[in-house]
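Structure assessment
Below, each chain spelled out in residue letters.
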Amino acid sequence: MRIVVTGAAGFIGFHLTKRLLNQGFEVLGIDNFNNYYDKKLKEDRYRELKFIAKEKGYAFKIENVNLENYYSLEQICKEFKPIKFVNLAAQAGVRYSITNPSSYIQSNIVGFANVLEICRKLEIKNLLYASSSSVYGGNKRMPFIEVDSVNHPISLYAASKKSNELMAHTYSHLYQIPATGLRFFTVYGPWGRPDMALFKFTKAILSNKPISVFNNGNMIRDFTYVDDVVESITRLLDKPALINKDFDFYNPDPSISWAPHQIFNVGNSQPTKLQDFIEALENELQIKAVQELLPMQQGDVEKTSADSSKLFEWIDYKPTTNINTGIRNFVNWYKSYYSI
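Residues numbered from 1 in each chain as written. Predicted model: local features only at pLDDT ≥ 70, side-chain atom pairs only at ≥ 80, totals over all residues. Heavy atoms only, no water.

Next up on the list: the pattern of salt bridges. Tallied over the entire structure, the rule returns 16 salt bridges. Of the charged contacts in the structure, one is a salt bridge between Arg47 and Asp44, with a shortest N-O distance of 2.2 Å. Of the two residues, Arg47 and Asp44 both sit in helix α2 (residues 39–56), three residues apart, roughly one turn of that helix. The class for Arg47 is partly exposed, based on a relative accessible area of 46%. A relative accessible area of 11% places Asp44 in the buried class. Salt bridges linked by common partners bring Arg19, Glu231 and Arg235 together as one network. (Salt bridge = Lys/Arg side-chain N within 4 Å of Asp/Glu carboxyl O. Helix = DSSP H or I, 4+ residues; strand = E, 2+ residues; numbered from the N terminus. Buried < 20%, exposed > 50% of the residue type's maximum accessible area, 1.4 Å probe, protein only.)

Written out as structure tokens, the structure reads:
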């Protein structure tokens, strides 16, 4: 089985590629190794993947290509001849989108359009693509359910992910490409992104520096451990989207379709107060954090909470790792990686 994973040197992409290699799949990784955060972390992830592939005797590489570069992307995918495609590459970060909007248009919209066009030409049998819980925008009703409206995004990042869902549905309708959108909820764990709260908090606390806590600490997040996300993706690779023959055109459910397209929340369904999250980290580090309480940042939401029952019904699995276990695993990795 040949699978393309874009963003393979990224956080989730690295963990997914590692799982697929260990399971014996042929994987073509694609990543542009941009400098949104420390490139060394991405390069070290790549080295880890090459080590696994070498141990198992696999040929493996990550092609350094921008998704916006259609012709290079098409050429390497044609040569590889994949059956399935997982698109995890994107310009990430809600706050960064406020000051750097053009990078989101190019990577998340133009780049994803190229992915869809390649999937059409290569007749891909199953496309999985990363969306985000941020698409729920200003919604206040909790937990978020896939049938909820997502027409009021509050960041360009969220808008780009909503655009991806609409684009993928259109290609599923026109060309019968089975496509599944995954709305990830605050994914964390070993090898995580340095711009995410857990990484930044850990670094600051160990350096005896204050941590920036927005909205005066009154935030709630549905923190989702990365291994749970990877397990969900690998199961979905075996269950492509199907046409829903019961689709009601007079009362349309936005999470399903008459086309082979569907959307799932991928969240832990255990919303956690940010202060409880910080306390769990303090307990693991055995250091008390100095908190700098700040107002809410533009583009942020106060609370997220996932209803993942639809995912469970489809693959008989949903994320369950508690934050104490997840934070412990992250801290152990962090101390090992940085030789602390």
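So that's the structure; there's more coming.
Okay, the environment of Leu294 next. If you trace the backbone, Leu294 turns up in the loop between β13 (291–293) and α10 (309–315). Taking the C-alpha atoms as reference, Leu294 lies 5.9 Å from Val213; in sequence the two are 81 residues apart. Excluding its chain neighbours within four sequence positions, the residues that come into contact with Leu294 are Ser212, Val213, Phe214, Asn215 and Asn216. (Contact = heavy atoms within 4.5 Å.)

In this structure, Val5, Val86, Phe184, Ile233 and Ile327 are the most contacted members of the largest nonpolar core, which totals 64 residues. The leading source of residues in this core is helix α11 (residues 323–337), at seven residues. In contact with Val86, other than residues within four places in its own chain, are Ile3, Val4, Val5, Thr6, Leu16, Leu128, Ile233 and Leu237. (Core = buried A, V, L, I, M, F, W, Y, C linked by side-chain atoms within 4.5 Å.)

Time to look at the side chain of Asp228. By the element assignment, Asp228 lies in helix α8 (residues 226–237). No salt bridge is formed by the buried Asp228; the nearest opposite charge belongs to Arg19, separated by 7.7 Å. A polar atom in the side chain of Asp228 sits 3.1 Å from the backbone nitrogen of Thr320. (Lys, Arg positive; Asp, Glu negative; His and termini not counted. Polar contact = N/O pair within 3.5 Å; in protein donor to acceptor, adjacent residues only side chain to side chain.)

All right, on to the sheet that holds strand β5 (residues 126–132) then. Across the sheet, seven strands lie side by side as β3-β2-β1-β4-β5-β6-β11; this open sheet has parallel pairing. Each end of this open sheet is capped by a strand with a single partner; those strands are β3 (61–64) and β11 (261–266). The average undirected angle you get between the axes of adjacent strands in this sheet is 20°. Here strand β2 (residues 26–31) runs beside β3; their pairing, made up of four bridges, is parallel. Bridge assignment links Ile30 to a residue of β3, and that residue is Glu63. Against the sheet, α8 makes contact with β1 (2–6), β4 (84–87), β5, β6 (179–184) and β11, and its axis sits at roughly 150° relative to β5, the strand it touches most. (Pairing = 2+ DSSP bridges. Axes fitted to C-alpha atoms, helices over the stretch in contact; angles between N-to-C directions.)

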